[in-house]
Amino acid sequence: MALFDLPLTELRQHRSATPEPADFDAFWSATLEQARELAAPAVLTAADTGLRAVDTTDVTFTGYGGQPVKAWLNRPAGAEGPLPVVVEFIGYGGGRGYPHDWLLWSAAGYAHLVMDTRGQGGGWRAGETPDPDGSGPQSPGFLTRGVLDPHTFYYRRLITDAVRAVETARALPFASDVLVSGISQGGGLALAAAALSDQVAGVIAGVPFLCDIRRAVTITDRAPYAEFVAFCRLDPARAARALSTVDYVDGVHFAPRITAPALVSAALMDLTCPPSTVFAAYNALGGPKELELYEWDGHDGGQGHFSARCVTFANTLLGR
């Protein structure tokens, strides 16, 4: 890897050139209204994991279209009274895996709701939630599933799931504040969920995916953005429709609607989520914000250092 994007001085001022769809707010309002009309109470079942310091609950809540979505809920064993909840979204290709994969936040004294990712979980961590509506031609992966129409696009469904996960966390009887968190795809979902919900106290988005997408697909040939290029190459006539669709899920359009304090990371050697695309979203954020910059990192984006920074950010934000 090497430095390949804009110089840092330009990154700090970079703004996306992508115009926002005129019906952006109406599109998401109608989508979420439909999901809420079809929502059912979450089902929570105690899970016997063998962990002694963590209580785990197997959660099923309703997401897009009233469809069931799985999640894990970890919290410190025996914890009573109000607890802040971190809702975490997962990187591209991964699912919720096992409860013991997710111990950081419960060890820090938080409840932690980890949302499974519909249709994913076959790449690097197992998942269980199907994507019943997935259909149509696509490049292998998820970025082009249903991409010729914003109403059929995969990320419409996944972002709706993310907002419903926040609402599920907010409804937990012990929940005080709710924060959203994620890395890569999870970071992009955290931005979207924070923009579309008024119930978020803080946002953590590590090297977020789905930001300044029109630029991203032209400056990197790494997956997942390479999936979009392959899809358009096979039939260039459909590129305009596909680009119009991804505008509805772009983090640069969600960012101005986020008023909660946000922690974002960017890595200057990141070929997967190029730094200019991350800066485009960060620079558009509407609330208090902090940037964690990793000059020598690729998409690993700080690794354990960023994890520690996330806990410090949350503790400081909530006065813990």
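Residues numbered from 1 in each chain as written. Predicted model: local features only at pLDDT ≥ 70, side-chain atom pairs only at ≥ 80, totals over all residues. Heavy atoms only, no water.

## Details of the sheet that holds strand β3 (residues 68–76)
Quick reminder of the rule: Strand pairing is assigned whenever DSSP identifies at least 2 bridges connecting the two strands. A run of H or I in DSSP becomes a helix once it reaches four residues, and a run of E becomes a strand once it reaches two; helices and strands are each numbered from the N terminus. Note on geometry: axes are C-alpha line fits, over the in-contact stretch for helices, and angles between N-to-C directions span 0 to 180 degrees. Any pair of residues with heavy atoms lying within 4.5 Å of one another is described as a contacting pair.
Taken together, the 9 strands give an open sheet; going across it, the order is β1-β2-β3-β5-β4-β6-β7-β8-β9, and neighbouring strands pair in mixed fashion. Since the sheet does not close on itself, it has two edges, and those belong to β1 (43–47) and β9 (289–294), each with one partner. Pairs of neighbouring strands in the sheet enclose a mean axial angle of 20°, with direction left out of account. Here 9 bridges tie strand β2 (residues 54–62) to β3, and the two strands are oriented antiparallel to one another. Residue pairing for β3: Thr-62 is matched across the bridge by Pro-68. Seen against the sheet, helix α5 (residues 185–196) touches β4 (83–89), β6 (175–183) and β7 (202–206) and runs at an angle of roughly 140° to β6. Its contacts with the sheet place helix α11 (residues 303–318) against β4, β6, β7, β8 (262–267) and β9, and it is angled at close to 165° to β9.

## Describing α5
Three or four residues apart is the spacing at which side chains of an α-helix point the same way, because the helix has 3.6 residues per turn. Selection criterion: What a helix is expected to span follows from its residue count: subtract one and scale by 1.5 Å. For the exposure calls, accessible area comes from a 1.4 Å probe over protein chains only, and a residue counts as buried if that area is under 20% of its type's maximum, exposed if over 50%, partly exposed in between.
End to end, α5 covers 17 Å across 12 residues, agreeing with the expected 16 Å (1.5 Å per residue, within 8%). Extensive coverage of α5 is indicated by the burial of 12 of its 12 residues. All of the buried residues in α5 are Gln-185, Gly-186, Gly-187, Gly-188, Leu-189, Ala-190, Leu-191, Ala-192, Ala-193, Ala-194, Ala-195 and Leu-196.

## A short note on the pairing of β7
Put simply, the rule reads: Classification remark: right-handed applies to a crossover when, strands pointing away from the viewer, the course from the first strand over the helix to the second runs clockwise.
Among the 5 residues of β7, 5 are classified as buried, and the element is accordingly described as predominantly covered. Side chains Gly-202, Ile-204 and Gly-206 of β7 all project onto a buried face; the interleaved residues Val-203 and Ala-205 project onto the opposite face, where all are buried too. In terms of strand pairing, β6 meets β7 through 5 bridges, oriented parallel. Paired with Gly-182 across the strands is Ala-205, a residue of β7. Since β6 and β7 lie parallel, the crossover through α5 that links them has a hand, and here it is right-handed. Bridge analysis of β7 against β8 gives 4 bridges, and the strand direction is parallel.

## Points about the side chain of Asp-116
We count it as follows: Under the convention used here, Asp and Glu are negative, Lys and Arg are positive, and both His and the chain ends fall outside the count. Salt-bridge detection follows one rule: a side-chain nitrogen of Lys or Arg within 4 Å of a carboxyl oxygen of Asp or Glu. Pairs of N or O atoms within 3.5 Å make up the polar contacts considered here, provided that, within protein, one atom can donate a hydrogen while the other can accept it, and that residues adjacent in sequence are counted only when both atoms are side-chain atoms.
For Asp-116, the location among the structural elements is in the loop between β5 (111–115) and α4 (154–170). Look at Asp-116: it is buried, it has no salt bridge, and the nearest opposite charge is Arg-96 at 4.8 Å. Among the polar contacts made by the side chain of Asp-116, one reaches the main-chain amide nitrogen of Thr-129 at a distance of 2.9 Å. Apart from residues lying up to four places away in sequence, Asp-116 is in contact with Val-69, Lys-70, Ala-71, Ile-90, Gly-95, Arg-96, Ala-126, Gly-127, Glu-128 and Thr-129.

## Quick look at the packing of α4 against α5
Under the convention used in this document: Here a crossing is called left-handed whenever its near helix is offset anticlockwise from the far helix by less than a right angle, and right-handed whenever the offset is clockwise. Three categories are distinguished: nonpolar for Ala, Val, Leu, Ile, Met, Phe, Trp, Tyr, Cys and Pro, charged for Asp, Glu, Lys and Arg, and polar for the others, with Gly belonging to the last.
Two elements in contact, α4 and α5, have axes whose closest approach is 9 Å; the angle formed by their N-to-C orientations is 65°. Crossing of α4 against α5: the hand is right-handed. Contact residues: α4 offers Tyr-155, Leu-158, Ile-159, Ala-162, Val-163 and Val-166, while α5 offers Gln-185, Leu-189, Ala-192, Ala-193 and Leu-196. Residues of the contact of α4 with α5, tallied by class, amount to 10 nonpolar, 1 polar and no charged.

## So, the layout of surface pockets
Going by this rule: Residues are said to line a cavity or pocket when one of their atoms sits within 4 Å of a point; the points come from a 1 Å grid over protein atoms alone, cavities being sets where a 1.4 Å probe fits but cannot get out and pockets being open sets with protein on both sides within 12 Å along at least five of seven lines. Grid points are joined across faces, edges and corners, and a volume is the space filled by probe spheres set on the points.
When its volume is computed, the largest pocket comes out at roughly 540 Å³. Along the walls of the largest pocket sit 25 residues, with Glu-88, Trp-102, Gly-182, Ile-183 and Ser-307 positioned nearest its centre. Elements represented by at least two residues in the lining of the largest pocket include exactly β4, α3 (104–107), β6 and α11. The element that contributes the greatest number of residues to the lining of the largest pocket is α11, accounting for 4 residues. The residue makeup of the lining of the largest pocket, split by class, is 12 nonpolar, 9 polar and 4 charged.

## Notes on the nonpolar core
What counts is decided by this rule: Here, nonpolar core refers to any group of buried Ala, Val, Leu, Ile, Met, Phe, Trp, Tyr and Cys residues whose side-chain atoms link them within 4.5 Å.
Counting residues in each nonpolar core, the largest one holds 80 residues, and the members touching the most others are Val-85, Phe-89, Tyr-155, Val-180 and Val-203. The element contributing the most residues to this core is α4, with 9 residues. What Val-180 contacts, discounting residues up to four positions off in sequence, is Val-87, Phe-89, Val-166, Ala-190, Ala-193, Ala-194, Val-200, Gly-202, Val-203 and Ile-204. Judged by nonpolar contacts, the second largest core, of 14 residues, contains Trp-105, Ile-204, Leu-263 and Cys-310.

On their own, these measurements won't tell you what the molecule is for.
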